[in-house]
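Breakdown of the fold
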Amino acid sequence: MASKKKVVSWEKKRNRMGYIFILPFIIGSIFFLIIPVMTSLIYSLSKLTVNTTGYELEFVGLANFKQLLLIDPIYRKVLVDSLMELINVPITVIFSFFMASLLNQRFRGRGLVRGIFFLPVILASGVYIQLERMDQLVSQYASTGQETYYFSGAFINLLNMMDLNQDLILFLTSSVSRIGTIVAMSAIPIVIFLAGFQSISPSIYEAAYMEGGTKWEIFWKISFPMISPLILVCVIYSVVDNFTKSSSVMINLVHRTIFTEFKFGIGSAMVWIFIIVVFSIIGITYKAINKYVFYYD
């Protein structure tokens with residue numbers, strides 16, 4: 001009697017095909033993510049010495065971390081400077097939100113304007129980064145010029161005449177000075193917000209208009225609540241992007257410590273402290289914003 005062939009359900013076949021499709025990602029994660037991460041953790045707890053036969057690892061425990069946090073003044077200063085760059089995050093998210101709301105409107109040349117705001121991502125190459133650094137040097141050189149001085153003085157005088165708080169004036173002037181960085185960082189958040197605005201059903205707006213709702217009421221009572229989950233996404237993305245950008249002082253310090261000074265143990269400890277700080281900030285940010293997010297089915 002012939003044995004019956006085992007029938008595999010469609011769900012199991014689909015699950016197997018899913019595993020096959022994600023297999024390259026799993027292999028890549030193991031070899032290019034998990035193994036390097038574990039290696040850097042071992043380096044951070046050790047002192048690496050290069051010799052003629054290769055290298056030797058001497059376990060030192062938390063000595064590298066104590067060196068950075070309690071003795072090394074440069075690392076602590078760079079860490080604080082990196083945290084101060086978080087001021088770019090709320091400016092970027094607010095700018096991206098309102099630019100996406102404007103780009104979602106119908107007007108002539110809308111596609112061209114959208115492309116212009118996405119150019120920093122398209123041109124995110126070595127050439128673009130080099131041009132950005134050159135532009136920063138030119139800006140620093142030009143800041144000593146008479147014209148820039150008059151412009152800054154006039155802008156500050158205008159804010160003072162409005163009787164604004166000095167902390168707010170400092171915030172506004174520093175934001176204007178970083179407008180290039182803000183525009184570059186806002187490219188992806190603008191696309192995310194724009195996709196969110198376009199995912200809202202037009203029938204919801206039609207019903208609101210029929211009920212007599214104004215544009216202001218519709219924006220704050222329909223558009224803003226329905227787009228709030230993406231605000232959380234863009235905030236977290238901007239935090240990560242702010243800490244991992246190529247011009248970050250922390251990234252440059254780690255790169256110099258490991259690849260120029262060949263201090264692999266200290267450099268790995270720098271990275272792990274930085275990772276812990278970044279994940280702590282992301283966790284605090286998520287807890288603070290998530291309770292105000294409106295989730296809908």
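These numbers come from a predicted model, not from an experiment.

**A few points about the overall build of the protein**
Tallying secondary structure elements over the protein gives 14 helices and two strands in all. Counting all 297 residues of the protein, 29% fall into the buried class. Nonlocal contacts in the protein, meaning residues at least 24 apart in sequence, comprise 67% of its contacts between residues at least 6 apart. For the protein, the exposed area adds up to about 20,700 Å²; of that, 69% sits on carbon and sulfur atoms.

**Things to note about the side chain of T92**
Along the chain, T92 turns up in helix α4 (residues 88-103). If near-sequence neighbours (up to four positions away) are discounted, T92 is found in contact with I182, M185, S186, P189 and S238.

**Some details on the packing of α4 against helix α10 (residues 187-199)**
For the pair α4 and α10, the least separation of the axes is 8 Å and the interaxial angle reads 45 degrees. Classed by the angle they form, the pair α4 and α10 counts as oblique. Along this stretch, α4 crosses α10, giving a crossing that reads as right-handed. Touching T92, V93, F95, S96, F97, M99, A100, S101 and L103 of α4 are P189, I190, F193, L194 and F197, all from α10. Taken together, the residues of the contact of α4 with α10 sort by class into 11 nonpolar, three polar and no charged.

**Some remarks on the confidence of the model for the protein**
The predicted model of the protein has a mean per-residue pLDDT of 78, with 75% of residues at 70 or higher. Ignoring residues within four places in sequence, the model shows residues 136-151, a span with pLDDT below 50, making two contacts including any to other chains.

**A short note on the pairing of strand β2 (residues 54-59)**
Relative to β2, strand β1 (residues 46-51) runs antiparallel, the two being bridged by six bridges. Across the sheet, the residue bridging to N51 is G54, located in β2. What sits between β1 and β2 in their antiparallel hairpin is a turn of two residues.

**Some remarks on the side chain of S228**
By the secondary structure assignment, S228 is in helix α12 (residues 215-244). For S228, a relative accessible area of 6% gives the class buried. Apart from the residues lying within four places of it in its own chain, the contact partners of S228 are V293 and F294.

**Things to note about the pattern of salt bridges**
Evaluated as defined, the whole model comprises three salt bridges. Measuring nitrogen to oxygen at the nearest pair gives 3.8 Å for the salt bridge that ties E85 to K245. You can see E85 sitting in the loop between α3 (73-84) and α4 and its partner K245 sitting in the loop between α12 and α13 (249-259), a full 160 residues away along the chain. Overall, the relative accessible area of 16% leaves K245 in the buried class. K263 is the partner of E261 in a salt bridge, and the nearest nitrogen-oxygen pair spans 3.7 Å. A relative accessible area of 38% means that E261 is categorised as partly exposed.

**Let's talk about the environment of S280**
As for its position among the elements, S280 is in helix α14 (residues 264-290). According to the relative accessible area criterion, S280 is partly exposed, its value standing at 38%. Reaching out from S280, the side chain makes a polar contact with the backbone oxygen of I276 at a distance of 2.7 Å.

**Focus: the nonpolar core**
The biggest cluster of nonpolar side chains holds 35 residues, and the ones touching the most others in it are Y75 and F193. Elements with a minimum of two residues in this core: α2 (63-71), α3, α4, α10, α12, α13 and α14. The dominant element in this core, judged by the number of residues it contributes, is α14, at nine residues. Those residues within four positions of F193 in sequence are excluded, and the remaining contacts are V93, S96, F97, A100, I227, L230, I231 and C234. With six residues, the next largest nonpolar core counts I200, Y205, I218 and M226 among its residues.

**Some remarks on the environment of V78**
By the element assignment, V78 lies in helix α3. A residue is classified by how much of its surface remains accessible, and V78, at 12% relative accessible area, is buried. As a C-alpha pair, V78 and M250 span 172 residues in sequence and 6.1 Å in three-dimensional space. Beyond its immediate chain neighbours, meaning those up to four positions away, V78 contacts V249, M250 and L253.

Each value, and the rule that gives it
- Residue indices follow the written sequence of each chain, beginning from 1 at its first position.
- Given that this is a predicted model, residues contribute local features only at a pLDDT of at least 70 and side-chain atom pairs are listed and counted only at 80 or more, while totals for whole chains, interfaces and linings are drawn from all residues.
- Here the side-chain values reflect all heavy atoms present in the structure, with hydrogen atoms and water set aside.
- The secondary structure listing takes helices from DSSP runs of H or I that are at least 4 residues long and strands from runs of E that are at least 2 residues long, numbered from the N terminus.
- The classification of residues rests on relative accessible area computed with a 1.4 Å probe and restricted to protein chains. Under 20% of the type maximum is buried, over 50% is exposed, and intermediate values are partly exposed.
- The contact criterion used throughout is that any non-hydrogen atoms of two residues lie within 4.5 Å.
- The Shrake-Rupley method, run with a 1.4 Å probe sphere, supplies the accessible areas, and residue values consider only the shown protein chains as cover.
- Geometry is summarised by axes, namely lines fitted to C-alpha atoms with helices restricted to the contacting stretch, and by angles between N-to-C directions that run from 0 to 180 degrees.
- By definition in this entry, angles of less than 35 degrees are roughly parallel, angles greater than 145 are roughly antiparallel, angles of 65 to 115 are roughly perpendicular, and the rest are oblique.
- Definitions for this section: a left-handed crossing has its near helix turned counterclockwise from the far helix by less than a right angle. A right-handed crossing has that turn clockwise.
- Following the grouping adopted for this structure description, the nonpolar residues are Ala, Val, Leu, Ile, Met, Phe, Trp, Tyr, Cys and Pro, the charged ones are Asp, Glu, Lys and Arg, and the polar ones are all others, Gly among them.
- What pLDDT reports is the predictor's confidence in each residue, on a scale of 0 through 100.
- Should DSSP find at least two bridges between two strands, the strands are regarded as paired.
- Each salt bridge in this description consists of a side-chain nitrogen of Lys or Arg and a carboxyl oxygen of Asp or Glu lying within 4 Å of one another.
- Under the rule applied, a polar contact is a pair of N or O atoms within 3.5 Å (in protein, one hydrogen donor and one hydrogen acceptor; residues adjacent in sequence only if both atoms are side-chain atoms).
- For our purposes a nonpolar core is just a set of buried Ala, Val, Leu, Ile, Met, Phe, Trp, Tyr and Cys residues, chained together by side-chain atoms within 4.5 Å.

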